[in-house]
Amino acid sequence: MRQEEINALKSNKSDQGEVIKQEFYKYLRYWIWFAIGISFAFLIAFLYLRYTPRIYNSSAKIQILNKQKGLELPSSAFVFNRSNINLENEVEILRSYRIIEQVVRNLNLTMEFYEEGSVRTTEIDRFPFEVKKNVENENIQTSQTFRIEVKKEAFEIFSNGSDQPTVIPNFNSYLIRHKLPFDLRTENGSNIKDIVGKTFILRFLPLTSATTKLKNKITIGLVGKASDLLQISHSSESRPKSERILNELVEVFNMDGIIDRQEVSKRTIDFIDERFVYLAQELDSIETEKKDFKQSNDIIYIESNAAEGLGQRAQSDQNVFNIENQILLSKMLKETLALDKNKESDLLPSNIGIDNSIVNSLVDQYNTLVFERDKLMISGGESNPKVQVVNSKLNEVKDNIRVSLSAYEQQLDASKKQLLGRNQRFVSEVAQLPRKEKLLNSIERQRVIKETLYLFLLQKREEAAINLAITEPSIKVVEYALSGSAPISPNSRSVYLFALIAGLLIPFGVLYATIVLDTKIKSKNDIEVKVPNVPVLAELPRIKDKDLVFRDPTDRNVQAEAFRILSSNVNYILSMNAPSDGKVIYCTSTIKGEGKTYVGLNLSLALASLNKKVLLVGADLRNPQIHNYTDHNKDEAGLSNYLHDASFDWKKALFKGFEKYPEHYTLLSGSIPPNPTQLLTNGRFEKLLSEAKENFDYIVVDTAPTILVTDTMLISQWADATLYLVRAEFTEKNLLDFSKNLHETGRLKNMAYVINGVGASKSYGYTYNYGYSYGYGANMKIRKR
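Residues numbered from 1 in each chain as written. Predicted model: local features only at pLDDT ≥ 70, side-chain atom pairs only at ≥ 80, totals over all residues. Heavy atoms only, no water.

## Considering the overall build of the protein
At step 1: A tally of helices and strands in the protein yields 21 helices and 19 strands.
At step 2: Across the 785 residues in the protein, those meeting the buried criterion constitute 40%.
At step 3: Of the accessible surface of the protein, which amounts to about 44400 Å², a share of 52% is contributed by carbon and sulfur atoms. (Helix = DSSP H or I, 4+ residues; strand = E, 2+ residues; numbered from the N terminus. Buried < 20%, exposed > 50% of the residue type's maximum accessible area, 1.4 Å probe, protein only. Areas by Shrake-Rupley, 256 points an atom, 1.4 Å probe, with all protein chains shown as cover.)

See the structure below:
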């Protein structure tokens, strides 16, 4: 039992694989439509990418600092102090209309610049010539568009679709009178030839529109879920413009925070100034006295400044010494390179104290190449091509070292000059210190109470002023605006991937809908799925010729060979349970038009070509069709006459309708009777078959359709085999249920299907494309139907 289950499982898997394979080939037959669909989709994608503006994304990263201390929060105290910074509020402030409007004003974003191309119009950061707006932002009430065409001698400007241009000769509007809200001219040194023939578009936007437009394009979000960094993004066609906008937005937001922090200091200073008015006169007299004393005695209290100046001078001298040392080391290394110029490259000294990472890196690289060359010379000699390559690299590195040393020396010389200038200034400051200094305690002791109050107020005022002057930034710029090299829209990969998917899915969808909605039988697969227990003996090709009967037994065409295959298969099923004498074969179908008469006739001819004696009987008394394939009239005496008249000899009604088949006989249906059912069941039809079996090897009976009348079921018990005809592209699949029921109930004996007209549809991967020329010496042309 276990082995049977395993075998059943393998069989199911094999069946599933076969079904999948059939489905695949079903659609593969239409590969040309998939290819056309993909090509068309790719063409649309190419045109879309060609004409759609490319949008680039720029982003900057900032960190909001603690407003209380102006310092960023330590990571260890982040959770505890996170409440001090409400990032949601900061984001809203950053995107607020007030901040965005200030950015628009600072960058003059009420003007937009475009360059008109042959394919599309692209937004740019600015024009390649100077443009100055002559109207205030508040005075721009509506959008205005100006088209600027660059000619050989002048600008031609069309405003708001006007046909009459404003001509700006010599590319300078400052030299003429005009009514344009802007001036333009070429910049000094610019090459106007590079832009002659180009067209630019200048667009003015109202301040509110420009601000709203920019506000909608700004997106702000956290860098990560657990991060306190904000990422600000802006997308546009111009990467430089996006970067300028983001950097300006960061600066405006930072200044806004600084101004908020300075507000407390400003209010403190204002309060102290108000209180200071009452003491101004008395304190003024004290200051005047101190001033007179210092002027008369030539005294100043700046000891700390003097000490600081001396310290700065000493530090400056040390810096000058260090720079001179670096200059000396650089010259030494250059001399070493100069000595090595006319001989083979040798190792250079490294880590000699030069404070330049580029030079040190190049020296290390040079020494590494020297080692590599020496190893190659040992193994391959100087003529080794690899040695020559390394020598070439050594020369390049050596040149780079010289260039880097020269640049480094120029930098050191500039730094040395700057330090010497500072040193001279320190010397001058120290020399100007007063030589005398007297204590002013006697003057300062006067009016101690008022002076103490004055000093207290003055101290507080100075503290507020210092806080105002050294206010730290409100944000830390983690990363200034950077733009991606590839556009975010349209994404070429996504567009082409979507085109590929659409190019496959659209033809597939159309084909799938066509196949699903098509309820006709296409091939034996449709029958095997619904009626697996009934064999399919043959699939007959669709014949378009007018003569549907192969009249020559030596024919090698598709039709003849198909019916020979059918006759062979019929003999196989007859051999299992048919008697040794004449064999009775019924040809029937579900409905009219499925080709039972055509199949019955050609099957009888195929059997007769085997030198068998065959009788074709027209038992479809209601709608006889056999006469159409012969030269006889349908009203000639036949089966119906025999069934009706007991004295009628049916053998006398036989005729040979095909001269090349001497053993083939035909019995027509005869006159159409009013009561065919009674005639077929009166016992004479059984008698006719019994007599025919004694004289013929095969009796092929063309019967009536089964679903329309009961004639066939009434005589089915006398058949040795029943061929049930279905026609491709004609028979509905649901009609198979009727024939399946006839088989399962035993109402039709030894039933087998024959499919007629196969090849009418290529959607199921089956057409007759065979050449039957093997063994006959014929070189027949393959017929494809």
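## Overview of the pairing of strand E4 (residues 130-133)
At step 1: Only one face of E4 is covered, namely the face carrying Val-131 and Lys-133; the face carrying Glu-130 and Lys-132 is uncovered.
At step 2: The pairing of E4 with strand E8 (residues 182-185) spans 4 bridges and is antiparallel. The partner of Glu-130 across the bridge, within E8, is Arg-185. (Pairing = 2+ DSSP bridges.)

## With respect to helix H13 (residues 492-517)
At step 1: Here H13 is 26 residues long and its end C-alpha atoms lie 36 Å apart, about the 38 Å a rise of 1.5 Å per residue gives.
At step 2: Of all the residues in H13, the buried ones are Val-495, Ala-499, Ala-502, Gly-503, Pro-507, Leu-511 and Ile-515.
At step 3: Between the side-chain oxygen at the start of H13 and the backbone nitrogen of Arg-493 there is a gap of 3.1 Å, and the oxygen is on Asn-491. (Expected span 1.5 Å × (residues − 1). Polar contact = N/O pair within 3.5 Å; in protein donor to acceptor, adjacent residues only side chain to side chain.)

## Thoughts on helix H4 (residues 87-94)
At step 1: Taken together, the buried positions of H4 are Leu-87, Glu-90, Val-91 and Leu-94. All buried residues of H4 lie within an arc of 100° about the axis, which places them on one face of the element. Exposed and oriented more than 90 degrees from the buried face of H4 are Glu-88 and Glu-92.
At step 2: A side-chain oxygen of the first residue of H4 lies 3.1 Å from the backbone nitrogen of Glu-88; this N-cap is Asn-86. (Arc of directions from axis to C-beta.)

## A look at the confidence of the model for the protein
At step 1: Considering every residue of the protein, the mean pLDDT works out to 80; 83% of them sit at 70 or more.
At step 2: Every residue in residues 434-440 is under pLDDT 50, and counting partners more than four places away or in other chains gives 20 contacts.
At step 3: Confidence drops under a pLDDT of 50 for residues 760-785, and excluding neighbours within four residues, the segment shows 56 contacts in the predicted structure. (pLDDT = per-residue confidence, 0-100. Contact = heavy atoms within 4.5 Å.)

## Concerning the packing of helix H2 (residues 31-51) against H13
At step 1: Axis separation between H2 and H13 bottoms out at 8 Å; the angle between their running directions is 145°. The chirality of how H2 crosses H13 is right-handed. Of the residues in H13, those in contact with Trp-33, Phe-34, Gly-37, Ile-38, Ala-41, Phe-42, Ala-45, Phe-46, Tyr-48 and Leu-49 of H2 are Ser-492, Val-495, Tyr-496, Ala-499, Leu-500, Gly-503, Leu-504, Pro-507, Phe-508 and Leu-511.
At step 2: Within the contact of H2 with H13, the residues separate by chemical class into 17 nonpolar, 3 polar and no charged. (Axes fitted to C-alpha atoms, helices over the stretch in contact; angles between N-to-C directions. Left-handed = near helix turned anticlockwise from the far one by under 90°. Nonpolar A, V, L, I, M, F, W, Y, C, P; charged D, E, K, R; others polar.)

## Here's the deal with the side chain of Asn-137
At step 1: Looking at the element boundaries, Asn-137 is found in the loop between E4 and strand E5 (144-150).
At step 2: With near-sequence residues (within four places) excluded, Asn-137 lies in contact with Arg-105, Asn-108, Thr-110 and Leu-207.

## Thoughts on the sheet that holds strand E12 (residues 475-483)
At step 1: Spatial strand order, E10-E11-E1-E12: 4 strands in an open sheet with antiparallel pairing. For this open sheet the edge positions go to strand E10 (218-222) and E12, each flanked by a neighbour on one side alone. Strand-to-strand, the axes of this sheet are offset by a mean angle of 20°, without reference to chain direction.
At step 2: The pairing of strand E1 (residues 56-64) with E12 spans 6 bridges and is classified as antiparallel. Opposite Ile-62, over in E12, you have Val-477 as the bridge partner.

## Overview of the pattern of salt bridges
At step 1: The full count for this structure, using the stated rule, is 20 salt bridges.
At step 2: In this structure, Glu-112 and Lys-213 form a salt bridge, with 2.7 Å as the shortest nitrogen-oxygen distance. Linking Glu-112 in strand E2 (residues 111-116) with Lys-213 in helix H6 (residues 207-217), this pair joins segments that are 101 residues apart in sequence.
At step 3: On the basis of relative accessible area, Lys-213 is assigned to the partly exposed category, the value being 31%.
At step 4: What you see here is one network of salt bridges that share partners, running through Glu-116, Arg-147, Glu-149 and Lys-151. (Salt bridge = Lys/Arg side-chain N within 4 Å of Asp/Glu carboxyl O.)

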